[in-house]
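# Structural overview
Okay, here's what each chain looks like letter by letter:
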Amino acid sequence: MSEDRPVYDLLPAVHRNRDAELGHPLRALLEPVEEELRRLREDIDGLYDNWFVETCAEWVLPYLGDLLGVEPVAASPDGAAPRRAFIANTLRHRRRKGTPATLEQVAQDITGLPAKVVEYFQLLGTTQHVNHPRLGNVRTPDLRDTGRLQLLGTPFDQVGRTADVRHVDRGRGRYNLGAVGLHLWRLSSHPYTDVDARAVDAAAGRWTFDPAGRDLPLFTRRRSGPTSETEIPAPLHRLTLHQHMEQLLSGPDPVFRFNLPEAHRLIAADLSEWTRPPATTDGPPWVAVDPLLGRFTLPPGTEPDRVRVDFNQGSPGDIGAGPHDRRATLATALAAAGTPWPDTVDWQIGVSRNHAQDQPGPSDGRVVATLGEAVQAWNTRPNQAPGQTGVIVVTDSATYRENLTGKRAIKIPPGSRLLLVAAHWPSGRTPQPSDASPSAPGPFAAAGPRPHLAGSLEVVASGGRAARPGELILDGLSVEGGLTVRPGDLDSLVVADCTLTGQLRATGNPRLTVRLLRTVCAGLRLGGTLPGLRLSDSILREGVDAAPTNVEIEACTILGKTRARTLTANNSILHGGVTVSESGQGYLRYSYAPLESNVSRRYRCHPADPAAAARVAPSFTSVQQGAPGFCRLAADGPSEIATGAEDGGELGAFHFLHQPWSMADLTAQLDHYLRFGLEAGVFFADPTDPTDAFLEGQQ
């Protein structure tokens, strides 16, 4: 349209020709006018978007909520209004208030979590009126009904109980007249597609869904419709799989799927002892699946070299390697070194074990089958001018069994930068680091693939200084081994949205700064004189050993001991204690650390005194790395930890989920949607980790 054209192009051609003869003075004069016109158009477009709750800016939400009489929620940071979906559906909810379905929808709109409402007064084991018999509400459960017994203690439990007169809104009593329970699932279910299953013993037919060989439960997938036991993000039990096999495995999004060379039939089984299904002659072979341990066994005579699977796994939040959208975190990682990345790259290559030949690649068409080939191509590329930028994009979720160590290590020449990222690459256009931005929907989309390296990584930077820092960025990788920075002159190492089963070690790099963003790591061990270590929204199981380093920690969970030269920590859980060599510098704010920790200054930290130390301590759903509830704060933990952050949020790595604010929003709205005489309690339906006891027995 004409109004979208530049002002200069709207002038008559005779004036533009004359302006060109004089060196374009008129165009230079109109450039500031054009900029103001562009801002005016953006403002008008923004005003139009602000008419609608679906597209309005965040600052408009309180005003739209005020028009509907939605009360502001003081518990939210900066006085923010309730959630966008809740305001959008307010009129619909008010027309249907007083019903369980509306209460469930209100909870989902405010918290974003799946919800199930249970009317506990319907489950009281009371004497029934002869004119109103409730045949399903029996006092004694049927011990032959294993399916019903499996649901005991869950939101789907239908067994009658005696009365409990305690108040349900305080989280103590449940089964009473007027008691309603609102159950929320805090875990999310992430779909993993085209993953290489791990052969524990291929000759014996023993495999795990997890590419690292861990016993992790398979999860059901959250779907639209009424909340049921097969429609929530929760571990899939063996009996549930047996009873609902056809429902769970049919349709375009089955709970799990095998890519075997021949047709097969599935059977749910307990594979704690790796029981193998028998060979058959009257049909396709059987494949035994244990969803609770994430195992499957193949019949005798079936020994494939590779099995690719689709499945769902649980996670408390988007931390570590996974198929979640990582574009915003990658944009932060690219800017973490302080020197902006260039808009164009000098070198790029793709990696795909599944489609090394037919996968669309960059302009030179190079898509290799292994990470070693890609690293070797980077190390031996021609015309290695100082300050080059390279990108290696892994485009699938395959397992790469190789060690990038020794002569195969990643080399960073002086002033060069390399990005090793798991991302979608659906077209042949050359990927750019700027494509990682959520506002740039180009082919470089850091979401979906989750490659697994069954080996270790090493990086070395050759000696020499350059005007631009030498930098390596890893994003979206699962590394079964460790990551080692060999002595050299690397300036920056950024690890974002990665899972490292082993330790990250670095020594002999006097200018190196290590940064971890949304990463799960076994531990950190830094030697020599390093300028700094910065951790953000990350989990470290074995602790941090960085005695000669200045350490900055923001919203992290560290289970082991933390050693540093100086320490600056906020909103974090330092469960193993802290030791700093220069206690006169740094501070610990709004965090948890044992009282015996050696820190310089504490400000509103926990525990505050010896009397509180026995009561105030973080408890977690699970401390097994890789488990669905790994390092997620337990629902029954102390409130000082659950709301102890500077902004009233929870301490630790999952602070970014803002759960305390959501729960405050929900509690403030419950009374508006309950019938008279009812009171509601909010409960977390977090399952106890079914693998913890088994894993502890294996250690």
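Keep in mind that this is a model prediction, so the values were computed, not measured.

What counts and how
Residues numbered from 1 in each chain as written. Predicted model: local features only at pLDDT ≥ 70, side-chain atom pairs only at ≥ 80, totals over all residues. Heavy atoms only, no water. Helix = DSSP H or I, 4+ residues; strand = E, 2+ residues; numbered from the N terminus. Buried < 20%, exposed > 50% of the residue type's maximum accessible area, 1.4 Å probe, protein only. Contact = heavy atoms within 4.5 Å. Areas by Shrake-Rupley, 256 points an atom, 1.4 Å probe, with all protein chains shown as cover. Phe/Tyr/Trp six-rings, centres within 6.5 Å; stacked < 30°, edge-to-face > 60°. Pairing = 2+ DSSP bridges. Axes fitted to C-alpha atoms, helices over the stretch in contact; angles between N-to-C directions. pLDDT = per-residue confidence, 0-100. Salt bridge = Lys/Arg side-chain N within 4 Å of Asp/Glu carboxyl O. Core = buried A, V, L, I, M, F, W, Y, C linked by side-chain atoms within 4.5 Å. Expected span 1.5 Å × (residues − 1). 1 Å grid on protein atoms, 1.4 Å probe; cavity = no way out; pocket = protein on both sides within 12 Å on 5 of 7 lines; lining within 4 Å. Points joined across faces, edges and corners; volume = space filled by probe spheres on them.

A few words now on the overall build of the protein chain. The number of helices and strands found in the protein chain is 15 helices and 35 strands. Across the 699 residues in the protein chain, those meeting the buried criterion constitute 51%. The long-range share in the protein chain, meaning contacts at least 24 apart out of those at least 6 apart in sequence, stands at 54%. Put simply, the protein chain shows about 31,400 Å² of open surface, and 52% of that area lies on carbon and sulfur atoms.

This part covers the environment of Leu298. Inspection of the secondary structure assignment puts Leu298 in the loop between strand E9 (295-297) and strand E10 (308-315). Sequence separation between Leu298 and Arg206 is 92 residues; the distance between their C-alpha atoms is 6.9 Å. Apart from residues no more than four positions distant in its own chain, Leu298 is found in contact with Gly205, Trp207, Leu260, Arg276, Pro277, Val287 and Pro304.

Below, the discussion takes up the packing of aromatic side chains. In total, this model carries 17 aromatic pairs according to the counting rule given. With a centroid separation of 6.2 Å and 10 degrees between ring planes, the pair formed by Trp207 and Phe296 is classed as stacked. Residue Trp207 is located in strand E5 (residues 206-208), and its partner Phe296 is located in strand E9; the two are separated by 89 residues in the primary sequence. In this structure Phe296 comes out as buried when scored by relative accessible area, which is 0%. With centroids separated by 5.8 Å and ring planes inclined at 70 degrees, the aromatic side chains of Phe209 and Phe256 adopt a geometry described as edge-to-face. Here Phe209, found in the loop between E5 and helix H8 (238-243), pairs with Phe256, found in the loop between helix H9 (245-249) and strand E6 (257-259); they are 47 residues apart in sequence, far enough to count as distant. Taking the relative accessible area as the measure of exposure, Phe256 reaches 3% and is therefore buried.

A word on the sheet that holds strand E8 (residues 286-290). Pairing is mixed across the open sheet formed by five strands, whose spatial order is E4-E5-E9-E8-E7. Both outer strands of the open sheet, strand E4 (198-201) and strand E7 (265-268), are each paired with one neighbouring strand and no more. When the angles between neighbouring strand axes are averaged without regard to direction, this sheet yields 30 degrees. Of the strand pairs in this sheet, E7 and E8 are connected by four bridges, and their pairing is parallel. Following the sheet pairing, Arg265 is matched in E8 by Trp286.

Once that is clear, we can look at the environment of Gly584. As for its position among the elements, Gly584 is in the loop between strand E32 (578-580) and strand E33 (586-589). As for Gly584 and Val599, which are separated by 15 residues in sequence, their C-alpha atoms are 8.5 Å apart.

Moving on, we come to unusual backbone geometry. Excluding glycine, residues mostly carry a negative phi; peptide bonds, for their part, are mostly trans. Looking along the chain, the bond that leaves His606 and enters Pro607 is cis, with omega of -5 degrees. Its location among the elements puts Pro607 in the loop between strand E34 (602-603) and helix H12 (610-613). We note that Asp497 has phi near 50 degrees; this positive angle belongs to a residue other than glycine. When its relative accessible area of 0% is taken as the criterion, Asp497 is described as buried. Of note in the backbone geometry, Arg604 takes a positive phi value of approximately 50 degrees without being a glycine. Assignment of secondary structure puts Arg604 in the loop between E34 and H12. Looking at Arg604, the relative accessible area reads 57%, which means it is exposed.

For the protein chain, mean pLDDT is 85; residues scoring 70 or higher make up 90% of the total. With pLDDT under 50 throughout, residues 357-364 is counted as low confidence; its partners more than four residues away or in other chains account for 23 contacts. Note on residues 427-442: pLDDT under 50 across the span, and 44 contacts to partners over four residues away in sequence or across chains.

So, on to the pattern of salt bridges. Going through the model one piece at a time under the given rule, you end up with 33 salt bridges. Arg295 serves as the salt-bridge partner of Asp215, at 2.7 Å between the closest nitrogen and oxygen. Taken as a pair, Asp215 in the loop between E5 and H8 and Arg295 in strand E9 lie far apart in primary sequence, 80 residues in all. Using a relative accessible area of 3% as the deciding quantity, one classes Arg295 as buried. Across the pair Glu542 and Arg541 runs a salt bridge, and its minimum N-O distance is 3.8 Å. Put simply, Glu35, Glu36, Arg38, Arg39 and Glu42 are held in one network by salt bridges that share partners.

A separate point is the nonpolar core. Leu493, Leu504 and Leu535 are the most contacted members of the largest nonpolar core, which has 62 residues in total. Take this core: its biggest share by element is five residues, from helix H11 (residues 371-379). With residues up to four places along the chain from it excluded, the contact list for Leu493 reads Leu472, Leu483, Val485, Leu504, Leu512, Thr513, Val514 and Arg515. If you look at the next biggest cluster of nonpolar residues, it comprises 22 residues, including Leu218, Leu236, Met245 and Val287.

What follows is about the sheet that holds strand E1 (residues 115-119). Within a sheet, each strand pairs with its neighbour through backbone hydrogen bonds, oriented either parallel or antiparallel. One open sheet holds the three strands; their spatial order is E1-E2-E35, and the pairing between them is mixed. Only two strands of the sheet have a single neighbouring strand rather than two, namely E1 and strand E35 (679-684). When the angles between neighbouring strand axes are averaged without regard to direction, this sheet yields 25 degrees. The sheet contact formed by E1 and strand E2 (residues 179-184) spans five bridges and is antiparallel. Among the inter-strand pairings, Val118 is bridged to a residue of E2, identified as Gly181.

For the rest of this paragraph, the subject is helix H14 (residues 659-670). Between its first and last C-alpha atoms H14 spans 17 Å; for twelve residues at 1.5 Å apiece the expected length is 16 Å, and the two agree. Burial analysis of H14 places nine of its twelve residues in the buried class, the great majority of the element.

With that settled, consider empty space enclosed by the protein. Empty pockets left among the atoms are what a rolling probe the size of a water molecule brings to light. Considering all chains together, one arrives at six cavities of 30 Å³ or more under this definition. Lining the largest cavity are 25 residues, and of these Gly314, Ser315, Ile319, Ala321 and Gly626 sit closest to its centre. When contributions to the lining of the largest cavity are tallied by element, the ones reaching two or more residues are strand E3 (188-196) and E10. The element best represented in the lining of the largest cavity is E10, accounting for three residues. Empty space within the second largest cavity amounts to approximately 80 Å³. As for the second largest cavity, its lining consists of Gly98, Thr99, Pro100, Leu103, Val117, Glu119, Val180, Tyr673, Leu674, Arg675 and Leu678. Sorting the residues of the lining of the second largest cavity by element identifies helix H6 (100-111) and E1 as the ones contributing at least two each.

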